[in-house]
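Commentary on secondary and tertiary structure
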Amino acid sequence: MQTCAHCGKKISDKDALTYKNKQGKLEVICHDCFKKEAGIDYETFAKRRQNARGTLFALLLCLIATVYAFVEKGLLWGLLGIVLTVVIYFFASKS
C-alpha cells in the first residue's frame, strides 16, 4: 500500500501513479489527484501518450522510406514521400 502525497489516501501499488511536480520531485499520487494536477484523467493521458508513440513510429518509417525513395528512385518519388509523410502527420494529429 502507498499513501497519496496530496490527499493522504491509501492506494494500492497497482493504482499508484508517480507524478513529477513543478519542482521536479517525483510524488506518488492517486488518480483523483492526478486529474487535479494534470487537468485530465489518467486513462485519457495514457491513450494520448500511446497515440503519440504510434504517430512518431509511423512518421519515422515514412521519413526513412522517403529518403530511400529520393536516393534510389529520384526527385519525383522523394517529393511524393514528403507529401505522404505530411498527410500522415496531419491525419494522425487529428485523432
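Residues numbered from 1 in each chain as written. Predicted model: local features only at pLDDT ≥ 70, side-chain atom pairs only at ≥ 80, totals over all residues. Heavy atoms only, no water.

1. What about the nonpolar core?
For clarity, the threshold we go by: For our purposes a nonpolar core is just a set of buried Ala, Val, Leu, Ile, Met, Phe, Trp, Tyr and Cys residues, chained together by side-chain atoms within 4.5 Å. Under the scheme applied here, a residue whose accessible area is under 20% of the maximum for its type counts as buried, over 50% as exposed, and between as partly exposed, the area being computed with a 1.4 Å probe on protein chains only. Numbered from the N terminus, helices here are DSSP runs of H or I no shorter than four residues, and strands are runs of E no shorter than two. Contacts are residue-level and defined by heavy atoms, with any inter-residue pair within 4.5 Å sufficient.
Membership of the largest hydrophobic core is limited to 8 residues, which are Cys4, Ile11, Leu17, Tyr19, Ile29, Cys30, Cys33 and Phe34. Elements with a minimum of two residues in this core: β3 (17-20) and α1 (31-38). Excluding residues that lie within four positions of it along the chain, Ile29 makes contacts with Cys4, Ala5, His6, Ile11, Asp15, Ala16, Leu17, Tyr19 and Phe34.

2. Considerations on the side chain of Thr85
Applied cut-off: Polar contact criterion, stated in full: a pair of N or O atoms within 3.5 Å, where within protein one must be able to donate a hydrogen and the other to accept it, and residues adjacent in sequence count only if both atoms are side-chain atoms.
Its location among the elements puts Thr85 in helix α3 (residues 75-94). Here Thr66 takes part through its side chain, which lies 3.4 Å from a polar atom of the side chain of Thr85. Setting aside residues no more than four positions away along its own chain, Thr85 makes contact with Leu59, Cys62, Leu63 and Thr66.

3. A look at the environment of Val87
In this fold, Val87 is placed in helix α3. Through-space distance from the C-alpha of Val87 to that of Leu76 is 17 Å; in sequence the pair is 11 residues apart.

4. Some remarks on the pairing of strand β4 (residues 26-29)
For a regular strand, side-chain orientation follows a simple rule: the groups alternate between the two sheet faces. To keep it simple, the criterion reads: Pairing between strands is defined by DSSP: at least two bridges between the two strands are required.
Because side chains alternate across β4, one face comprises the buried residues Glu27 and Ile29, and the other comprises Leu26 and Val28, none of which is buried. Pairing analysis gives 4 bridges linking β3 to β4, with the strands arranged antiparallel. Its bridge partner lying in β4, Tyr19 is registered against Glu27. From the end of β3 to the start of β4, which pair antiparallel, there are 5 residues, and Gly24 there has a positive phi angle of about 90 degrees.

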